[in-house]
Amino acid sequence: MGGAVVDTHSSSLIAMMRAVCPGSFDPVTYGHIDVIERAARVFGEVIVAVSPNLGKQPLFSVEERIDMLREVTSHIQNVRTDAFDGLLIDYVRSREANVIVKGLRAVSDFEFELQMALMNRNLAPEVETVFMMTGADYSYLSSSIVKEIAALGGRVDSLVPRVVAIKLEEKLRKLQEVKNK
Ligand code: PNS
């Protein structure tokens, strides 16, 4: 085997790395928080980056999503929240980050995530994508399911933090009022 010398002090190297954890976070769930906490234990700094994700019709504005994320991650010192437009990889470079962290819930996530990871590697070979397994308790959880349950009057207390559950209720009530007019 030829080539690169591997730094065996990899734990200190990782602690110096800045990771970007991108997503729609519409809204943030306990599954997202689980992945953010895991990333924050491994990397020196984690930037949670909210994408407007124009392909989806969001319930919350980017600002609302950022506010909720800031509140529910305030207990994690090395995490900050931001938003980005355009290509993820351009944002990662602009923040001089080394790693993209994505959560994987189940095999069903893998194919699409693999496609994105390989495309991002093609665009920026110096940036690694790292997958973290979501805790088993959250493997069935998604923002879409949470929104559907809340919209149909179900309880979401065990799926999202209280502040998010309250914002969901308020938002859905306002939408209903507009519809009823
Ligand atoms: O929470 P989501 O909706 O699964 O997040 C998807 C997201 C925002 C991470 C992904 O759509 C993305 O990276 N969007 C930015 C645009 C981009 O870079 N697209 C090319 C990806 S290969």
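Residues numbered from 1 in each chain as written. Predicted model: local features only at pLDDT ≥ 70, side-chain atom pairs only at ≥ 80, totals over all residues. Heavy atoms only, no water.

Description of the pairing of strand β2 (residues 45–50)
Here is the rule we go by: Classification of residues uses two cut-offs on accessible area relative to the type maximum, computed with a 1.4 Å probe and protein chains only: under 20% is buried, over 50% is exposed, and between them is partly exposed. The secondary structure listing takes helices from DSSP runs of H or I that are at least 4 residues long and strands from runs of E that are at least 2 residues long, numbered from the N terminus. DSSP bridges decide pairing: two strands pair if at least two such bridges lie between them. A clockwise course of the path from the first strand over the helix to the second, judged with the strands pointing away from the viewer, identifies a crossover as right-handed.
Of all six residues making up β2, five are buried, and the element is well covered by its neighbours. Across six bridges, strand β1 (residues 18–23) lies against β2 in parallel orientation. Across the sheet, residue P22 finds its bridge partner in β2, namely A49. For the crossover from β1 across helix α2 (residues 30–42) to β2, the handedness is right-handed. Of the pairings in the sheet, the one linking β2 to strand β3 (residues 79–83) comprises five bridges and is parallel in character. For V48, the partnering residue across the bridge sits in β3 and is T81. Taking the sense of rotation as the criterion, the β-α-β connection linking β2, helix α3 (residues 62–72) and β3 turns out right-handed.

Structural notes on the packing of aromatic side chains
The geometry of two aromatic rings is summed up by the distance between their centres and the angle between their planes. The criterion, for reference: Stacked, tilted and edge-to-face pairs are distinguished by plane angle, under 30 degrees for stacked and over 60 for edge-to-face with tilted covering the rest, among Phe, Tyr and Trp rings (Trp via its six-membered ring) whose centres lie within 6.5 Å.
The tally for this structure, following the rule as stated, stands at three aromatic pairs. Ring centres 6.4 Å apart and planes at 35° place the aromatic pair Y30 and Y138 in the tilted group. With a gap of 108 residues between them, Y30 in helix α2 and Y138 in the loop between β5 (128–133) and α6 (143–151) connect regions that are remote in the sequence. A relative accessible area of 28% places Y30 in the partly exposed class.

Observations concerning α6
The criterion, for reference: Along the arc lie the directions from the helix axis toward the C-beta atoms.
Buried within α6 we find S143, V146 and A150. With its buried residues spanning 60° around the axis, α6 presents them on a single face. In this structure, α6 carries E148 and A151 as exposed residues pointing more than 90 degrees from its buried face. In the stretch just after α6, G153 is the one whose phi turns positive, near 85°.

A short note on a nonpolar patch on the surface
So the rule is basically this: Nonpolar side chains (Val, Leu, Ile, Met, Phe, Trp, Tyr) within 5 Å and like charges within 9 Å form the patches, drawn only from residues with over 30% relative accessible area and no salt bridge. Accessible surface area values rest on a Shrake-Rupley calculation with a 1.4 Å probe, where residue burial reflects the displayed protein chains alone. Basic side-chain nitrogens of Lys or Arg form a salt bridge, by our definition, when they fall within 4 Å of a carboxyl oxygen of Asp or Glu.
There is a patch of nonpolar side chains on the surface, built from V107, F110, L114 and L118 and spanning about 370 Å² of accessible area. Within the secondary structure, F110 sits in helix α5 (residues 107–123).

Section: the nonpolar core
Put simply, the test is: Within this scheme, the nonpolar core is defined by two criteria: the residues are buried Ala, Val, Leu, Ile, Met, Phe, Trp, Tyr or Cys, and they are joined through side-chain atoms within 4.5 Å. In this analysis, two residues are considered to be in contact whenever any of their non-hydrogen atoms come within 4.5 Å of each other.
Ranked by size, the top nonpolar core spans 34 residues in total, and within it I36, F43, V46, V101 and V156 carry the most contacts. Sorting the residues of this core by element identifies β1, α2, β2, α3, β4 (99–104), α6 and α7 (162–180) as the ones contributing at least two each. With near-sequence residues (within four places) excluded, I36 lies in contact with C21, F25, V48, L69, T73, I76 and V79. Residues V20, I47, I100 and A124 belong to the second largest nonpolar core, which totals 12 residues.

Section: the site of the ligand
Operational definition: Only a single heavy atom is needed: when it lies within 4 Å of a molecule or strand, its residue is near that molecule or strand. Throughout this description, a polar contact denotes any pair of N or O atoms lying within 3.5 Å of each other; where both atoms belong to protein, one of them has to be capable of donating a hydrogen while the other can accept it, and for residues adjacent in sequence the pair is counted only when both atoms sit in side chains. Here the term charged refers only to Asp, Glu, Lys and Arg, the term nonpolar to Ala, Val, Leu, Ile, Met, Phe, Trp, Tyr, Cys and Pro, and the term polar to all other amino acids, Gly among them.
Neighbouring residues of the ligand: 14 residues in total, closest S24, S51, N53, K56 and L88. Measuring from an oxygen atom of the ligand, one finds a side-chain N or O atom of S24 at 2.6 Å. L88 has a polar backbone atom sitting 2.8 Å from an oxygen atom of the ligand. Protein burial of the ligand: of its 550 Å² of free accessible surface, 75% is covered by the chains. Counting only elements with at least two residues in the shell around the ligand, the list comes to β1 and α5. With three residues, α5 is the single largest residue contributor to the shell around the ligand. When the residues that make up the shell around the ligand are grouped by side-chain class, the tally is six nonpolar, six polar and two charged.

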